[in-house]
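Examining the three-dimensional arrangement
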Amino acid sequence: QHQAVAVTGGGQGIGRALVQYFSRKGAGVHFIDTDPEAGREWEEKLRAEGGRVWFTRADVSKEEEVRRWMEEVDAREGKLDLLCNNAGIMIRKTVEELSLEEWNRVLGVNLTGAFLCVKYAVPLLRKTDQGAILNIASTRGLMSEPDTESYSASKGGILAFTHALAVSLGPDIRVNAVSPGWIDVTPWQKTYAREPEELREVDHRQHPAGRVGRPDDIVRAAAFLASKESDFITGANLIIDGGMTVKMIYEE
Ligand code: NAD
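All of the points below concern the structure found in this document. (Residues numbered from 1 in each chain as written. Predicted model: local features only at pLDDT ≥ 70, side-chain atom pairs only at ≥ 80, totals over all residues.)

**Focus: the overall build of the protein**
As a reminder of what qualifies: The helix and strand labels rest on DSSP assignments: H or I over at least four residues marks a helix, E over at least two residues marks a strand, and numbering proceeds from the N terminus. Note that the radius of gyration is over C-alpha atoms, with the globule rule given as 2.2 Å times the number of residues to the power 0.38. To assign burial, the other C-beta atoms lying within 10 Å of each residue's own C-beta are counted, with C-beta atoms placed from the backbone; 20 or more indicates buried, 12 or fewer indicates exposed, and intermediate counts indicate partly exposed. Once C-beta atoms are placed from the backbone, any two residues with those atoms within 7 Å are in contact.
Within the protein, the regular secondary structure consists of 7 helices and 7 strands. Shown N-terminal to C-terminal, the secondary structure of the protein runs as helices and strands in the order β-α-β-α-β-α-β-α-β-α-β-α-α-β. Its C-alpha atoms give the protein a radius of gyration of 18 Å, near enough to 18 Å, the size a compact globule of 252 residues would have. With respect to the principal axes defined by its C-alpha atoms, the protein has extents near 60 × 40 × 40 Å. Within the span of the protein, comprising 252 residues, buried residues form 42% of the whole. Of the contacts formed within the protein by residues at least 6 apart in sequence, a portion of 73% connects residues at least 24 apart.

**Comments concerning helix 7 (residues 215–226)**
What counts is decided by this rule: Here a helix's expected span is defined as the number of its residues, less one, multiplied by 1.5 Å. The arc in question is formed by the directions pointing from the helix axis toward the C-beta atoms.
The end-to-end C-alpha distance of helix 7 is 16 Å, a good match for the 16 Å that 12 residues give at a rise of 1.5 Å each. Of the positions making up helix 7, those classed as buried are Pro215, Asp217, Ile218, Ala222, Leu225 and Ala226. Within helix 7, the buried residues cover an arc of 160° as seen down the axis, which keeps them to one side. Contacts made by the buried residues of helix 7 are with helix 1 (13–24), strand 4 (82–85), strand 5 (132–136), strand 6 (174–180) and strand 7 (237–240).

**Considerations on the site of the ligand**
Cut-off, in case you're wondering: The C-beta atom of each residue is placed using the backbone, and any residue whose C-beta lies within 6 Å of a molecule or strand is treated as near it. Basically, the charged four are Asp, Glu, Lys and Arg, the nonpolar ten are Ala, Val, Leu, Ile, Met, Phe, Trp, Tyr, Cys and Pro, and anything else, Gly included, counts as polar.
Taken together, 27 residues are adjacent to the ligand, and Gly9, Gln12, Gly13, Gly88 and Ser138 come closest. Of all the secondary-structure elements, those providing two or more residues to the shell around the ligand are helix 1, strand 2 (28–33) and helix 4 (100–125). In terms of residue class, the shell around the ligand is made up of 12 nonpolar, 12 polar and 3 charged.

**Description of unusual backbone geometry**
Cis geometry marks the peptide bond from Gly170 to Pro171; its omega dihedral reads 0°. By the element assignment, Pro171 lies in the loop between helix 5 (149–169) and strand 6. In this structure, Asp147 takes a positive phi of about 65° despite not being glycine. Residue position: Asp147 is located in the loop between strand 5 and helix 5.

**Examining the packing of helix 3 (residues 63–77) against helix 4**
Short version of the rule: All axes here are fitted lines through C-alpha atoms, helices being fitted over the stretch that makes contact, and every angle between N-to-C directions spans 0 to 180 degrees. With respect to orientation, any angle under 35 degrees is reported as roughly parallel, any angle over 145 as roughly antiparallel, any angle of 65 to 115 as roughly perpendicular, and every other angle as oblique. We call a crossing left-handed when the near helix sits turned anticlockwise from the far one by less than a right angle, and right-handed when that turn is clockwise.
Where helix 3 meets helix 4, the closest approach of the two axes is 9 Å, and the angle between their N-to-C directions is 25°. In terms of orientation, helix 3 and helix 4 fall into the roughly parallel class. As helix 3 packs across helix 4, the resulting crossing turns out to be right-handed. Residues Glu63, Val66, Arg67, Met70, Val73 and Asp74 of helix 3 form the contact with helix 4, whose own contacting residues are Leu116, Cys117, Tyr120, Ala121 and Leu124.

The following block contains the structure:
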C-alpha cells in the first residue's frame, strides 16, 4: 500500500522540495499553503509528471481550515503515514517595536499551526503501523541573532512540543524534529517570486561543512526520519546546519 504524506507550507522553499520528494517516491501527497498560486502551480507540475498530489489552500493557524484539510485527506486515503509541519514565518523587529499582533501571528503559524495539524492528523496517523510526525524547527530554537524573539521562541516551542508528543504518542507514532541552519531556498521559490539570493564565497566558507545548505539536505533527513530505518528514533532533534551551531566564534 502506498504512503500518505501531508506537508504544510508546501508551495515554496523546503516544503516544496519535500512535496516533490514524496511525490516522486509514489506517495499520495497532500499539501497546504496560504499562497494559492504557488500551491496550484506546484500541484499541476507534479501531476504532469505522474504525481498523486493534492493542493488545498489553507492556513495552518486557522482551526477550521486545518480540520477540513484533514477531512479531505481522510476521504482520499483513509490514513496518514507522515505529517510534516513545515510552514513557518519570521518577523525581524526589536522587541520594543514588535506588536502583540505580530508576536501572536508568528507563534500562531509556527507553533499553534503545528499543534492544530497534529491534533487533527493523529486519528489518521493511528490508522497505520508506521505513523510519524516531523516538525521543522530551526537552529534559531537554540541560538539567536538580535531581534528575532518571536521566531526563536516559536522554534524553541516546537522542540519542546516534539519531545512532549513523542512521549504521549509512542509507541504508535514517532515524533521528531529537524533543525535546519542556513538553507538557500531560492531555487525552490515559485518562478515569479523574489530575486535570487546572491551567495558569497564567505557564506559557504563559514560553514564547517564548506557550503550553505540546500532543501535536499533537509529532504534526505526527512526521508530517513519517516522511514522504518529510524524506528528507534523518536523525540529527537536532528540539527542540519553544516556545523554552524558547533562553531565557536570570538570577535576579531
Ligand atoms: P519559505 O518562505 O520559502 O516557504 C514557506 C511556505 O509556507 C511558503 O510557501 C508560505 O506561503 C507558506 N506559509 C506561510 N505561512 C503559512 C500558513 N499560515 N499556512 C500555510 N502555509 C503557510 O520558507 P522555508 O525557508 O522553506 O522554510 C520552511 C520551514 O523551514 C519553516 O518552518 C522555517 O522556519 C524553517 N527553516 C528554514 C530555514 C532556512 O534557512 N530556509 C532555516 C531554519 C528553519
